Amino acid sequence: MSERRTWADRKSEIMSRPGAGAAYEAAKIRFELGEAVRLRREQLGLTQVELAERTGLKQPAVARFEAGGTMPTIPMLERLAEALEMRLSVEFQPLREAG
């Protein structure tokens, strides 16, 4: 019988694989962008359909974006920012020191 492992052990093993850190960071960015768009859309009282109309997208594309399922282009982010009555700000930040 195999030994049971904790999630922390399993996560550590997965993250030690080549490319895992970059894939994790990309997924995190997609999730955070999607969440920010959803929260702002809800603040404005817009439906996904209404946001889609404002941006020239289809509702399923808005839903995928909000769920973190797509990595947007800068032009798409600009369209979303305008539709959400916001200014897009893109910046570079130093990498965190390895722990």
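Counting restarts for each chain, with residues numbered from 1 along the sequence as it is written. Totals for whole chains, interfaces and linings use every residue, but because this is a predicted model, local features are given only for residues with pLDDT of at least 70 and side-chain atom pairs only at 80 or more, for both listing and counting. Side-chain metrics rest on all non-hydrogen atoms present in the structure, leaving aside hydrogens and water.

Tell me about helix 3 (residues 48–55), and name the residues and values.
Three or four residues apart is the spacing at which side chains of an α-helix point the same way, because the helix has 3.6 residues per turn. Buried residues are those whose accessible area, probed at 1.4 Å on protein chains only, stays under 20% of the maximum for their type, while exposed residues exceed 50% and partly exposed ones sit between those limits. Secondary structure elements follow DSSP: runs of H or I no shorter than four residues count as helices, runs of E no shorter than two count as strands, and numbering proceeds from the N terminus. Buried within helix 3 we find Gln48, Leu51, Ala52 and Thr55. The buried residues of helix 3 occupy an angular sector of 105 degrees when the element is viewed end-on, so they sit on one face. The positive-phi residue at the C-terminal boundary of helix 3 is Gly56, with phi of around 80 degrees. For this quantity, the arc is that covered by the directions from the helix axis to the C-beta atoms.

For the layout of surface pockets, give the residues involved together with the corresponding values.
In this analysis the probe radius is 1.4 Å and the grid spacing 1 Å, with only protein atoms considered; a cavity is a set of points the probe fits into but cannot get out of, a pocket is an open set with protein on both sides within 12 Å along at least five of seven lines, and lining residues have an atom within 4 Å of a point. Grid points are joined across faces, edges and corners, and a volume is the space filled by probe spheres set on the points. A volume near 1,100 Å³ is recorded for the largest pocket. The wall of the largest pocket is formed by 27 residues, among which Ile29, Glu32, Leu33, Glu91 and Gln93 lie closest to the centre. It is helix 2 (residues 20–43) that provides the largest number of residues to the lining of the largest pocket, a total of 8 residues. Residue composition of the lining of the largest pocket, by class: 17 nonpolar, 3 polar and 7 charged. We call Asp, Glu, Lys and Arg charged. Ala, Val, Leu, Ile, Met, Phe, Trp, Tyr, Cys and Pro are nonpolar, and the rest, Gly among them, are polar.

Residue-level account of unusual backbone geometry, with values.
Non-glycine residue Glu85 carries a positive phi angle of around 55 degrees. As for its placement among the helices and strands, Glu85 is situated in the segment after helix 5 (74–83). Since its relative accessible area comes to 53%, Glu85 is described here as exposed.

Help me get a handle on the packing of helix 3 against helix 4 (residues 59–66), residues and values and all.
In this analysis an axis means a line fitted to C-alpha atoms, helices contributing only their contacting stretch, and an angle means the value between N-to-C directions, from 0 to 180 degrees. Interaxial distance between helix 3 and helix 4 falls to 8 Å at its minimum, and their mutual angle equals 105 degrees. Classed by the angle they form, the pair helix 3 and helix 4 counts as roughly perpendicular. Contacts between helix 3 and helix 4 involve Gln48, Val49, Leu51 and Ala52 on the former and, on the latter, Gln59, Val62, Ala63 and Glu66. Here the contact of helix 3 with helix 4 is composed, by residue class, of 5 nonpolar, 2 polar and 1 charged. For classification purposes, angles smaller than 35 degrees are called roughly parallel, those larger than 145 roughly antiparallel, those between 65 and 115 roughly perpendicular, and all remaining angles oblique. It only takes one pair of heavy atoms within 4.5 Å for two residues to be counted as in contact.

Before we move on, could you go through the pattern of salt bridges and cite the residues and values that matter?
By definition here, a salt bridge exists when the distance from a side-chain nitrogen of Lys or Arg to a carboxyl oxygen of Asp or Glu is within 4 Å. In total, this model carries 4 salt bridges according to the counting rule given. Of the charged contacts, one joins Glu42 and Arg38 as a salt bridge, the two residues approaching to 3.2 Å between their closest N and O atoms. Here Glu42 pairs with Arg38, and both are found in helix 2, just 4 residues apart, close to one helical turn. A residue is classified by how much of its surface remains accessible, and Glu42, at 43% relative accessible area, is partly exposed. As a salt-bridge pair, Arg54 and Glu85 come within 3.7 Å of each other at their nearest N and O atoms. In this pair, Arg54 is assigned in helix 3 and Glu85 in the segment after helix 5, connecting sequence segments 31 residues apart. On the basis of relative accessibility, which here comes to 43%, the residue Arg54 falls in the partly exposed class.

Talk me through the environment of Ala81; I want residue IDs and the actual numbers.
Turning to its location among the elements, Ala81 is positioned in helix 5. Note on Ala81: relative accessible area 11%, which makes it buried. Sequence separation of Ala81 and Val37 is 44 residues, and the distance between their C-alpha atoms is 8.5 Å. Setting aside residues up to four positions removed in sequence, Ala81 forms contacts with Met86, Arg87 and Leu88.

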